[in-house]
Amino acid sequence: MKLYEAESPNALRVWVFMAEKGIEIPRVPVDLFKGGNLAEDYVAKNPMGRVPVLELDDGSYLSESVAICRYLEGLQPEPNLFGHDALEMAQIEMWNRRAEINFFGNVAMAFRNLTGIFKDRETCVPEWGKVAAEEARSKLGVFEARLGESAYLAGDRFTIADITLAVAIRFAERVQGMGNFDVELARPHIERWLGAVTTRPSFVDR
Ligand SMILES: N[C@@H](CCC(=O)N[C@@H](CS)C(=O)NCC(=O)O)C(=O)O
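Analysis parameters
Residues numbered from 1 in each chain as written. Predicted model: local features only at pLDDT ≥ 70, side-chain atom pairs only at ≥ 80, totals over all residues. Core = buried A, V, L, I, M, F, W, Y, C linked by C-beta atoms within 7 Å. Buried ≥ 20, exposed ≤ 12 C-beta atoms within 10 Å, placed from the backbone. Helix = DSSP H or I, 4+ residues; strand = E, 2+ residues; numbered from the N terminus. Domains from an automatic or database assignment. Contact = placed C-beta atoms within 7 Å. Nonpolar A, V, L, I, M, F, W, Y, C, P; charged D, E, K, R; others polar. Pairing = 2+ DSSP bridges. Axes fitted to C-alpha atoms, helices over the stretch in contact; angles between N-to-C directions.

Quick notes on the nonpolar core
Okay, step 1: One finds Phe-103, Val-107, Leu-165 and Ala-168 to be the most contacted residues of the largest nonpolar core, which totals 53 residues.
Okay, step 2: The leading source of residues in this core is helix α6 (residues 160-175), at 10 residues.
Okay, step 3: Counting residues domain by domain, this core receives three or more from each of domain 1 (2-75) and domain 2 (86-198).
Okay, step 4: If we skip the residues at most four places from it in the chain, Phe-103 touches Ala-136, Lys-139, Leu-140, Phe-143, Leu-165 and Ala-168.

Looking at unusual backbone geometry
Okay, step 1: The peptide bond linking Val-51 to Pro-52 adopts the cis configuration, its omega dihedral lying at 5°.
Okay, step 2: Mapped onto the secondary structure, Pro-52 falls in the loop between α2 (40-43) and β3 (53-55).
Okay, step 3: Cis geometry is found at the peptide bond from Glu-78 to Pro-79, where omega equals -5°.
Okay, step 4: Within the secondary structure, Pro-79 is located in the loop between α3 (65-75) and α4 (86-115).
Okay, step 5: Even without a glycine there, the phi angle at Asn-180 is positive, about 65°.
Okay, step 6: Considering the arrangement of structural elements, one finds Asn-180 in the loop between α6 and α7 (188-198).
Okay, step 7: Residue classification places Asn-180 among the exposed residues on the basis of 12 C-beta atoms within 10 Å.

Describing the domain arrangement of the protein chain
Okay, step 1: The domains assigned to the protein chain are domain 1 (2-75) and domain 2 (86-198).
Okay, step 2: In this structure, domain 1 and domain 2 have C-alpha centres spaced 21 Å apart.
Okay, step 3: In this complex, domain 1 contributes 8 residues to the contact, which on the side of domain 2 involves 8 residues.
Okay, step 4: Secondary-structure elements contributing two or more residues to the side of domain 1 that touches domain 2 are α1 (9-21) and α3.
Okay, step 5: When residues of the side of domain 1 that touches domain 2 are assigned to their parent elements, the largest contribution, 5 residues, is made by α1.
Okay, step 6: Grouping the constituent residues of the side of domain 1 that touches domain 2 by class yields 7 nonpolar, no polar and 1 charged.

Description of the environment of Gly-195
Okay, step 1: Inspection of the secondary structure assignment puts Gly-195 in helix α7.
Okay, step 2: Judged by local crowding, Gly-195 falls into the exposed class, with 9 C-beta atoms found within 10 Å.

Things to note about the sheet that holds strand β1 (residues 2-5)
Okay, step 1: Sheet architecture is open: 4 strands sit in the order β2-β1-β3-β4, paired in mixed fashion. Edge positions in the sheet fall to β2 (27-29) and β4 (61-63), since each has one partner strand and no second. Direction aside, the axes of adjacent strands within the sheet are offset by 25° on average.
Okay, step 2: Bridging between β3 and β4 involves 3 bridges; their strand directions are antiparallel. Opposite Leu-54, over in β4, you have Leu-62 as the bridge partner.

The following block contains the structure:
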């Protein structure tokens with residue numbers, strides 16, 4: 001197997017996931033800024049033209065960070081990050097999707113539309129960016145409330161849902177102030193949880 005990747009939040013989700021499981025595979029850097037992900041041979045691997053992409057040993061490809069993580073969990077079930085029984089699996093999926101759709105997705109939309117970072121390849125609408133930033137800011141309250149009552153996002157242990165939210169918050173911290181991107185992130189329960197998650201060996205130095 002090999003992983004096509006870049007220094008980017010979605011590739012980071014897969015790196016952290018692999019580090020949690022102790023999985024090491026060769027990595028192939030893709031230059032997003034030079035449009036390496038839009039080249040014909042790359043789009044043949046992932047028609048969405050995004051990183052990460054996992055190439056399997058039979059020459060087929062998987063994309064979408066969570067799908068890649070699910071596949072790796074199937075190959076190496078422990079430590080479990082997607083849930084053991086029907087209820088836990090559903091709770092983890094629920095929180096992962098909430099984090100991805102309501103926070104990460106809005107942060108990404110705000111970043112892309114406010115900074116125009118990929119204006120060579122997509123239309124940027126600053127008003128859309130402002131609305132997305134506001135949406136991300138307001139949804140953060142849901143995660144703050146949840147982390148006030150739960151040690152980790154989906155329950156009492158670390159899972160893929162924590163990886164998604166922590167990577168998204170790290171991303172939002174990094175782009176704070178760029179192109180008027182402004183999402184006030186400081187929340188006491190999130191701070192406590194983020195400290196626990198980002199000091200795990202899988203996150204350190206990434
Ligand atoms: N839903 C996809 C999103 C992938 C994605 O948006 N990747 C970004 C980097 S974090 C990318 O490749 N951006 C390059 C571009 O938009 O041209 C996933 O979970 O993998």
